[in-house]
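Analysis of the macromolecular model
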Amino acid sequence: MTAASATIPVGASVCLENFGWHYPGRQNPSLAGVDAQIGAGERVLLLGPSGAGKSTLLQALAGVEQDPDGQSRSGELTVDGADPRDARGAVGFMHQDPETQVVLSRIGDDVAFGLENLAVPREQIWPRVHEALDRVGLHLPLEHSTTALSGGQKQRLALAGVMAMRPRLLLLDEPTASVDHEGAVELCRAVSRAVRQDGTTLVVVEHRVALWEPVVHRVIVLDDNGSVAFDGPTRETLHDARKLLQAQGTWVPDWVPTTRPPAHRRAVEVDAAAEGPDGGDECPRGAGTARSGRDRPPHAAGSPAPRDGAVLLSARELGVSRIQPSRRVVARERRRARRSWRRGETLEAPARRVVDFPPAAEHITLDVRAGRALAVTGPNGAGKSTLALTLAGLLVPVRGTVRASAVLADDAPPDPGLWDGSELISRVGTVFQHPEHQFLRSTVREELEFGPEQLRRHSERSKPRRDVTADDARVADLLRRLRLEDLAGANPFTLSGGQKRRLSVATVLAAAPAVVILDEPTFGQDARTWKELVDLLAEEMDRGTAVVAVTHDRDLMTALDAEEVGLGS
Amino acid sequence: MSTTATPGILGPRSGLLARANPVVKLLGALLITVVIVLSADPVTNAVALGGQLLLLAGVGMRPLRLLTRLWPILVAALISGWGTAMLSDAGGPVLLQLGWITVTTGSLAAGGAIALRGLAIALPGITVLLTTDPTDLADGLAQTLKLPARFVLAALAAMRLVEVMITEWSVLTAARRARGAGGSHTPWGVAGEFGGQAFTLLVQSLRRATRLAMTMEARGFGAGPRTWARPLHYSRVDVLVGVAVVVTAVGALVLSMGMGTHRYIWQ
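Notes on the structure in this doc start here. Worth saying up front: this structure is predicted, and the values here are computed from it rather than measured. Going along each chain's sequence as written, the residues are numbered from 1 onward. The lettering of chains begins at A and the numbering of ligands begins at 1, in the order of writing. Restriction of local features to residues with pLDDT of at least 70 applies here, the model being predicted, together with a cutoff of 80 or more for giving and counting side-chain atom pairs; totals for whole chains, interfaces and linings are based on all residues. As a rule here, side-chain values cover all heavy atoms of the structure and leave hydrogens and water aside.

Residues and elements named next belong to chain A. Strand pairing is defined by DSSP finding a minimum of two bridges between the two strands. For helices the rule is a DSSP run of H or I covering at least 4 residues; for strands it is a run of E covering at least 2, with both sets numbered from the N terminus onward. Pairing is parallel in the open sheet, where five strands are placed in the order E14-E15-E16-E12-E17. Each of the sheet's edge strands pairs with one partner strand only, and the pair in question is strand E14 (428-431) and strand E17 (563-566). Neighbour-to-neighbour, the strand axes of this sheet turn through a mean angle of 15 degrees, independent of strand direction. Bridge count between strand E15 (residues 515-519) and strand E16 (residues 546-550): five bridges; the pairing is parallel. Paired with Val 515 across the strands is Ala 546, a residue of E16. Only the contacting stretch of a helix is used when fitting its axis, a line to C-alpha atoms as for every element, and angles between N-to-C directions run 0 to 180 degrees.

Residues and elements named next belong to chain A. If you trace the backbone, Thr 234 turns up in helix H7 (residues 234-240). Judged by its relative accessible area of 7%, Thr 234 falls in the buried class. By the criterion applied in these results, polar contacts are pairs of N or O atoms within 3.5 Å in which, for protein atoms, one can donate a hydrogen and the other can accept it, and in which residues neighboring in sequence qualify only through two side-chain atoms. Reaching out from Thr 234, the side chain makes a polar contact with the backbone oxygen of Val 216 at a distance of 2.9 Å. Looking at Thr 234, its side chain comes within polar contact range of the main-chain oxygen of His 217, at 2.8 Å. Burial classes: relative accessible area under 20% of the type maximum marks a residue as buried, over 50% as exposed, and values in between as partly exposed (1.4 Å probe, protein chains only).

Here the focus is the environment of Val 43 of chain B. Residues and elements named next belong to chain B. Tracing the sequence through the fold places Val 43 in helix H3 (residues 42-58). Its relative accessible area of 19% is what places Val 43 among the buried residues. Considering only alpha carbons, one finds Val 43 and His 262, 219 residues apart in sequence, at a separation of 7.4 Å. Beyond its immediate chain neighbours, meaning those up to four positions away, Val 43 contacts Ser 256, Met 259 and Thr 261. Only heavy atoms enter the contact rule, under which two residues are in contact if any of them lie within 4.5 Å.

Time to look at the interface of chain A and chain B. With 69 residues of chain A at the contact, the number on the chain B side is 49 residues. Once two parts are joined, some of their accessible surface, as seen by a 1.4 Å probe, is lost; buried area is that loss totalled over both. Of all residues in chain A, Glu 116, Arg 122 and His 437 of chain A bury the most surface against chain B, accounting for 13% of the area lost on that side. Criterion for a salt bridge: a side-chain nitrogen of Lys or Arg within 4 Å of a carboxyl oxygen of Asp or Glu. If you look at where chain A meets chain B, you find nine salt bridges. One salt bridge connects Arg 179 of chain B with Glu 447 of chain A, and the closest N-O pair in it is separated by 2.8 Å. Our count for the chain A to chain B interface comes out at 30 residue pairs in polar contact (both at pLDDT 80 or more). By residue number, the principal contributor to the side of chain A that touches chain B is helix H2 (residues 107-117) of chain A, which donates eight residues. Amino acids are sorted into nonpolar (Ala, Val, Leu, Ile, Met, Phe, Trp, Tyr, Cys and Pro), charged (Asp, Glu, Lys and Arg) and polar (every other residue, Gly among them). Classifying every residue of the side of chain A that touches chain B gives 29 nonpolar, 24 polar and 16 charged.

In structure tokens, the structure reads:
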């Protein structure tokens, strides 16, 4: 397909007849008997539960799905009456990972890449590159480095690269899943503008329905078997399918799943309104967790339960940076500080400031309180994640101090940066944004047992032995609460996105830390996983655990009744 | 965690050489390297090295700073030179006698030649790397030297992922420490943890590579004949660089042969 003509393209039509896809070795097909006709210029939102083959369908439409032995595919699929694998350039395809949407290192070259591949003459390439960048609102010099872009900018760059090719069918696979809200809105606006101008046919897979509702004409909903459950005009279909969509975990407009309110807020509500305790609380409860805010089970770490609202961790005039002294310097300073702490000297803050790095954020003063949630908010690049890692003792502060209270520190030094592995995991648990970064073992169960195991190994050298049965009970409880029981023997890397997220939170909770720090825990999660995470965190808060979340998610803050710390505003 | 830009290992690419055509630079570097590889005498190597340093100084690369930045190569060259001086049995008046080690003027000359060779061979390639944008080099390789576009562009795209991998490694280290791993003190414990972390990095990289391949395929990569967006520029700079390189390479040979010191490696 040499899109050499400069005329405005018109949309392609798509025809699916009894289309199916069955990955070899899987029990159930991903797609089965899908029938749909999508007219030229029609804009369609494709919904369905995770694992229902939405991505597979888009990849098949884009002609990039691998089916080497021809065993997976069945039925008919055509774009403008032809096999999409023979019609490259007619179909534009974007997926959700910004990092691998970018091919080359300068933005101009990256947009030009697709045009070069379509053998567009050189003199037409650069005007089209400029036009495409302009249309997605990326006003940067062509030499600008692609590495220096934010996730949202990378996605818009990818869109420019796709739109420059003037596709007649545009396929978007969760384009905003890794992008913050502002980035998502801008991307959505850019797509909407482009497809309206060109009359491009659009198929978008996304579980943030409110974002795309004004853009699309039509909604197709797949069910658990990969068949079409609903298909029709946007408003009516969203209305008719609302129950199914909610059950599937799709974020339908004007709806937030009901979650367990944290105990301290419940207590306040009871005092204020003298009403029943848990209105609308429908989550499954763990043993002994459904008590009122004042009568809490003892903290699992063995230390006396911190008083609700007691300060566990505090930062004073903190300056944080990603740029760190070399690992050797950090280790040496850590050893020295621990020695002086053992001698009973007070830890002086500036001892280790070897080099004065420019901070990503500074003058941060905050308190992390038992049983409460703290939300760290701010625009991209404001240093939120860096602050979280510094609070967790994983990065060295460039200015100011992080101090653990006597209750939290117990028999360890009061500076989290000085803690060793097992001291750290029983006090502060950190959940990273990408679950895969934290997987260490080959099965889900072993992954959950890893933390308690480390603690047991450590406690063999100290006085009170850890109780194996209590640890096992906690692991079993977590497996059950997160619906991972059936997957206990599965490899963590093979889980779905939502399952991985739940597991990564659970692995940290398994060591029963007094403070949990999470980086964008609800990013790109469907409503079901979202609800499960919120319930889990609320339960932990009821046990006296402090929660710190780096987040853009307003609903999460409300659900956990979080105090907000805004950075870079 | 968000990705942070790693500071460029190679520094900013600017100056006269950065403006020269990558293919000219590559061929020039190849010519000098071939001359040095084929010649084993100190005169050719010294003249070639001196010529290169002069050339670099002429285009404002400040060779001394370049050499300090490339200190590992300097050290390696000196060590190999020293080793040769001690172990070779070339004749001449004895300068130093330490037990079984005998250093003569002949062995010292051989050692010097080896050290100069090492430096002179390393310098052209590194200069090309330091002054050339990978994308421009790829353009030159594919358009002028007609290397297969599929191969060149795939290598180029993969190079970008290396940077991502470097960032990812440090994130992985922190993420694993947060789980309580990474505190081993025994050598096998450390090796095991390193292996585990490397495995995770490998899994991530493979997935990333698959997705990148999908992106490239969806943008029409490998579908058929392609055009090139960036024209190749040849300018007076290229003539200058080309002439200077030929003068250096041929000059070193001619001078050495004229002095009667030239020796091929097989002689």
